[in-house]
Structures are given as C-alpha cells and as structure tokens.
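The primary structure of each chain is shown beneath.
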Amino acid sequence: MAAEAASKKKYHQGHDIKSLLINLATIFLIVSPVAIYVDRENMQKYCMIVGGSFLVAFLAPPIGRYRPHPYSDWERNKPFTLRE
C-alpha cells in the first residue's frame, strides 16, 4: 500500500494565468449587479470594470504552445505555479 502511494505522481494544482483572469472577470460580473444596486451613481464605472476585465482576460495569451492543463503528458505544458 505504501509503495503504491510513493510511486504515484504528485497531483499538480497550479493554474494558468488566463484561467485566473477569466475567474476574476467572472467574479466582477457576478458582483457588479449588487454594486450597481448599492451605488447607482457609479454604474458606468462598474460596467467599464467588468468590460475591461473581460477584455484583458480575452487578450491574455495562454502559456505554452497549447493551453496548459494539469493532465498533460508533456512536462512543458503544465500550468504555472509558485509552489511545487
């Protein structure tokens, strides 16, 4: 049992930058109706923040030739992570 656990490859939990930007833009999209309801004077600014965040997420290139993902067979196609 212990030999099987030692031989298993460590699960990679890193995320690529493009996925993180898409997640952040989606959070802005979900939170913006509440912010607009509370502060109607700055509605245009909130809409510009959401639009700008999606534009940045759309324009951000994925790292590597193909989009990185943790289940890739290629070592260079693994997502970027700060921790090992």
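Rules used throughout
- Residues numbered from 1 in each chain as written.
- Predicted model: local features only at pLDDT ≥ 70, side-chain atom pairs only at ≥ 80, totals over all residues.
- Heavy atoms only, no water.
- Helix = DSSP H or I, 4+ residues; strand = E, 2+ residues; numbered from the N terminus.
- Buried < 20%, exposed > 50% of the residue type's maximum accessible area, 1.4 Å probe, protein only.
- Contact = heavy atoms within 4.5 Å.
- pLDDT = per-residue confidence, 0-100.
- Axes fitted to C-alpha atoms, helices over the stretch in contact; angles between N-to-C directions.
- Parallel < 35°, antiparallel > 145°, perpendicular 65-115°, else oblique.
- Left-handed = near helix turned anticlockwise from the far one by under 90°.
- Nonpolar A, V, L, I, M, F, W, Y, C, P; charged D, E, K, R; others polar.
- Expected span 1.5 Å × (residues − 1).
- Bend = angle between axes of the 7 residues up to and from the residue.

## Considering the side chain of Ser53
- When you line up the elements, Ser53 lands in helix H3 (residues 43-59).
- Judged by relative accessible area, which is 13%, Ser53 ranks as buried.
- Not counting chain neighbours up to four residues away, the residues in contact with Ser53 comprise Ala25 and Phe28.

## Details of the confidence of the model for the chain
- Per-residue confidence for the chain gives a mean pLDDT of 77, with 54% of residues at or over 70.
- Summarising per-element confidence for the chain, the mean pLDDT is lowest in helix H1 (residues 2-7) (56) and highest in H3 (94).

## Things to note about the environment of Leu29
- Turning to its location among the elements, Leu29 is positioned in helix H2 (residues 17-38).
- Residue Leu29 is classed as partly exposed on the basis of its relative accessible area, which comes to 43%.
- Spatially, the C-alpha atoms of Leu29 and Tyr46 are 9.2 Å apart, while their sequence positions differ by 17 residues.
- Residues in contact with Leu29, not counting those within four places in the same chain, are Val50 and Phe54.

## Some remarks on the packing of H2 against H3
- Where H2 meets H3, the closest approach of the two axes is 8 Å, and the angle between their N-to-C directions is 165 degrees. When the interaxial angle is binned, H2 and H3 end up roughly antiparallel. In terms of crossing hand, the pair formed by H2 and H3 is left-handed. Facing H2, whose interface residues are Lys18, Leu21, Ile22, Ala25, Thr26, Phe28, Leu29, Ser32, Ala35 and Ile36, H3 presents Met43, Tyr46, Cys47, Ile49, Val50, Ser53, Phe54, Val56, Ala57 and Phe58.
- Residue composition of the contact of H2 with H3, grouped by class: 16 nonpolar, 3 polar and 1 charged.

## A few points about H2
- Compared with an ideal rise of 1.5 Å per residue, which puts 22 residues at 32 Å, H2 spans 31 Å between its outermost C-alpha atoms and is within 8% of the ideal.
- Along its length, H2 shows its largest kink, about 40 degrees, at Val31, and proline Pro33 lies within four residues downstream of that point.
- Packing partners of the buried residues in H2 comprise H3.

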